[in-house]
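Chain and residue survey
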Amino acid sequence: MKLPGNADFLKSQTAIKFAAFVFISVSFFYLGKHWSDGSRQLVFFSRQSPSTTTSSVPSVAISPNFNKEFNISALINATELETSSGSADPDISNERQSVSALKAAPPPPPPPPEIKSYGIVDENGTMSDEFEIGEFDPDLVENWGNGTEIETETNKEDAKSTFRAKKFGLCDESMREYIPCLDNVEAIKRLKSTKNGEKFERHCPEKGKGLNCLVPPPKGYRPPINWPRSRDEVWFSNVPHSRLVDDKGGQNWISRKGKDKFKFPGGGTQFIHGADQYLDQMSKMVPEITFGHHIRVVLDVGCGVASFGAYLLSRNAIAMSIAPKDVHENQIQFALERGVPAMVAAFATLRLLYPSQAFDLIHCSRCRINWTRDDGILLLEVNRMLRAGGYFAWAAQPVYKHEQALEEQWEEMLNLTTRLCWNLVKKEGYIAIWQKPFNNSCYLSREAGTIPPLCDPYDDPDNVWYVVLKACISRLPENGYGANFAPWPARLQTPPDRLKSIHIDSYIARKEHFKAESKYWNEIVASYVRSLHWKKFNLRNVMDMRAGFGGFAAALINNQLDAWVLNVVPVSGPNTLPVIYDRGLIGVMHDWCEPFDTYPRTYDFLHAAGLFSIERKRCNMSTIMLEMDRILRPGGRVYIRDSLDVMDELQDIAKAMGWHPALRDTSEGPHASYRILACDKRLLRG
């Protein structure tokens, strides 16, 4: 189809305009390309001098300073100087600018600072154990004084006065290793008899006569050596007692290392050549004794300085090491200073504070206990705490010596263990190992009148708080609870059978309750590790003062913190200790209105969740806080997670003890009814 004439005209005009635009664009591009070589340069327009040419034709030239670097500020200063002096020669001006620029060049950068080493990382970034822990940071030491300051407050409504400690003073130096319930001299003097070890049991001060001051550290106290070095050496100034060196040095227990340290070679009375070799021998004698797998929780009776338990830790097994405060009175203090789980406890007239079927293996190496006295009442206590199918290892002179008196003791032991239905699995060298039965069938098949008898069916073997020993055999549950559990480490996360026997009010199924608690604490501890850098803390000896099912301790293991936790179950709540032990953890029953059976300065970290809001109905909160201060090391930390209505009083008490408290919100935010009181303990000096 043919377009109209005017359309042809428009078409031709558009084509011409477009062609012209393209031509101009190409021309400018070509000219720019021609006059530029792509490098940095200054281009000047100038006129030739009249003396050289008659015509004044403009020309273009490249700057003589082409491709040079300049300090612009120096150039500006030089230009201004030339202008003021009247210089007009461009070559001289350029030369002066270059010289000025060189003179004004910035000085070279300073050399890097000298590398300073802190901790155990050297200047090459490699780890080194050639270091010593020094004195306390001066910022963590306070001159405190010995006086206690009391404030009086009067209630305007009833005119009654209340007294509050504004500042607790330091106790006398003689109390630096004071254990209130074991050092109650007046109560011990009133005992009618001490032949069965009554003086080594708990005799707590009467209410209102407990600790009301801060137990001081020994002179020269230093931050404890970190684990794992602490397994092998500790500071002499922290436990300044050398009697064990004199008594047990020849048995490879302990020795002095220079003037300022104790050294622990790892031996014991019956394993002079070291605990590792001794443990290997036990596993060879009974292949079913697989430490860190089926054998996870151990009780070491008469532990000495706890080298047996110290070396078990490297095999993923944990031992509760116990000994009385006797002539070797600082052995438990040495154990805890080394970073090994330990408690002061004695086989005497009361049940120990551990549940039935708690331990996979119970060990006694020259523990100086007469197991056969009073119809075997002490070995029956071992039987109560030993798990169904668990092992009892006895290393003592009657096992291997052939003197008449010792042979008679061996026969008495054989007779008693036979009546207990224990099976002598192996006797080799100086060690004898028995195994407890898995059920009650052997007990029920004994002849009528056999001593010791079975305990009454209504006897609760988990009831341990101030319960007198009974000369009877604790029955095993007919349903097999306590005997069936997963090997370590699976048992840590597996809800145990005995969860069903715990007397608790639960709105959900117990297994779900167990899993919910584990998840709750795992998330909280993970956040502590992430945001509060817990792995940088020296967390070794940890106590959970209200442990529940042991979820906090399990969370520390899950987050790979190299610490052990003593799970304390208060008598004011449900007894969850069987579940804690079935998980492969350790714990103890306790009443926080009374002092705890440990030496001062033995824990790095105390954790109390929901404790004070419950216990304040039973006793004064300052009583518990002063006990916490006694067992906490200088430089240690406390985390109190509790309701908001107890926090003000707890902060006041913490300040009165010289702690440095800080109140924090929980993950629920500032409007939650709970808070976290984080406290640091300083080293106080009189």
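Within each chain, residues carry numbers counting from 1 in the order of the written sequence. Totals for whole chains, interfaces and linings use every residue, but because this is a predicted model, local features are given only for residues with pLDDT of at least 70 and side-chain atom pairs only at 80 or more, for both listing and counting. The basis for every side-chain value is the complete set of heavy atoms in the structure, and neither hydrogens nor water enter the calculation.

Focus: the overall build of the protein chain
In this description a helix means any DSSP run of H or I spanning at least four residues, a strand means any run of E spanning at least two, and both kinds are numbered starting from the N terminus. For the protein chain, the count of helices and strands is 18 helices and 23 strands. Counting the 686 residues in the protein chain, one finds 48% classified as buried. Here the Shrake-Rupley method, with its probe set to 1.4 Å, supplies the accessible areas, and only the displayed protein chains count as covering residues. For the protein chain, the exposed surface amounts to about 35,500 Å²; the carbon and sulfur share of it is 54%. In this scheme, a residue with accessible area under 20% of its type's maximum is buried, one over 50% is exposed, and one in between is partly exposed, where area comes from a 1.4 Å probe on protein chains only.

Some thoughts on a nonpolar patch on the surface
Here a patch means residues that are over 30% exposed by relative accessible area and free of salt bridges, tied together within 9 Å if like-charged and within 5 Å if nonpolar (Val, Leu, Ile, Met, Phe, Trp, Tyr). For this document, the term salt bridge refers to a Lys or Arg side-chain nitrogen within 4 Å of an Asp or Glu carboxyl oxygen. The grouping of F18, F21 and V22 at the surface amounts to a nonpolar patch, some 340 Å² of accessible area in total. Along the polypeptide, V22 turns up in helix 1 (residues 5–35). Its relative accessible area of 37% is what places V22 among the partly exposed residues.

Thoughts on the packing of aromatic side chains
Geometry of aromatic contacts follows a simple scheme: Phe, Tyr and Trp rings, the Trp one being its six-membered ring, pair when their centres are within 6.5 Å, and the pair is stacked under 30 degrees between planes, edge-to-face over 60, tilted otherwise. Tallied over the full model, the rule gives 27 aromatic pairs. Seen in terms of ring centroids, F262 and F334 are 5.0 Å apart; in terms of plane orientation they differ by 90°. Their pairing is edge-to-face. Taken as a pair, F262 in strand 8 (residues 261–263) and F334 in helix 8 (residues 331–338) lie far apart in primary sequence, 72 residues in all. You can call F334 buried: its relative accessible area is 1%.

Notes on the packing of helix 9 (residues 373–385) against helix 11 (residues 404–419)
Interaxial distance between helix 9 and helix 11 falls to 11 Å at its minimum, and their mutual angle equals 65°. In the crossing of helix 9 with helix 11, the sense of the turn from one axis to the other is right-handed. Touching D375, G376 and L379 of helix 9 are M413, L416 and T417, all from helix 11. Considering only residue class, the contact of helix 9 with helix 11 consists of three nonpolar, two polar and one charged. Each axis is a line fitted through C-alpha atoms, taken for helices only over the stretch in contact, and angles between the N-to-C directions span 0 to 180 degrees. Should the near helix be turned counterclockwise from the far one by less than a right angle, the crossing is left-handed, whereas a clockwise turn marks it as right-handed. Residue contacts are defined here by distance: any two heavy atoms, one from each residue, within 4.5 Å place the two residues in contact. Following the grouping adopted for this structure description, the nonpolar residues are Ala, Val, Leu, Ile, Met, Phe, Trp, Tyr, Cys and Pro, the charged ones are Asp, Glu, Lys and Arg, and the polar ones are all others, Gly among them.

Remarks on the sheet that holds strand 8
Reading across the sheet, the three strands line up as 6-8-7 and stay open at both edges, with antiparallel pairing between neighbours. Each having just a single partner strand, strand 6 (233–235) and strand 7 (255–257) make up the two edges of the open sheet. Strand-to-strand, the axes of this sheet are offset by a mean angle of 35°, without reference to chain direction. When DSSP finds at least two bridges between two strands, those strands are taken to pair.

Re the nonpolar core
Here, the term nonpolar core denotes a set of buried Ala, Val, Leu, Ile, Met, Phe, Trp, Tyr and Cys residues that are joined through side-chain atoms within 4.5 Å. Counting residues in each nonpolar core, the largest one holds 151 residues, and the members touching the most others are Y354, W371, F392, W534 and L566. Dropping the residues within four chain positions of it, W534 is found in contact with Y528, V529, L539, F552, L556, L561, F605 and Y639. Grouped together as the second largest cluster of nonpolar side chains are 10 residues, L244, W253, I254 and V305 included.

Brief notes about the state of the cysteines
Whenever a pair of cysteine sulfur atoms sits within 2.5 Å, that pair is classed as a disulfide. All told, the structure shown has six disulfides when counted by the stated rule. Note that C455 is cross-linked by a disulfide to C472, the S-S spacing being 2.0 Å. Judged by the sign of its S-S torsion, about 90°, the cystine formed by C455 and C472 is right-handed. Linking C455 in the loop between helix 12 (441–444) and helix 13 (510–531) with C472 in the loop between helix 12 and helix 13, this pair joins segments that are 17 residues apart in sequence. Accessibility assignment for this pair places C455 and C472 in one class, buried. Across the disulfide, C593 is cross-linked to C619 (sulfur-sulfur distance 2.2 Å). Residues C593 and C619 are joined by a disulfide whose S-S torsion is about -80°; by sign, that bridge is left-handed. Taken as a pair, C593 in the loop between strand 18 (586–590) and strand 19 (603–609) and C619 in the loop between helix 16 (612–615) and helix 17 (621–631) lie far apart in primary sequence, 26 residues in all. A residue is classified by how much of its surface remains accessible, and C593, at 22% relative accessible area, is partly exposed. Taking only the cysteines that form disulfides and numbering them from first to last, the protein chain has the pattern 1-4, 2-3, 5-6, 7-8, 9-10, 11-12.

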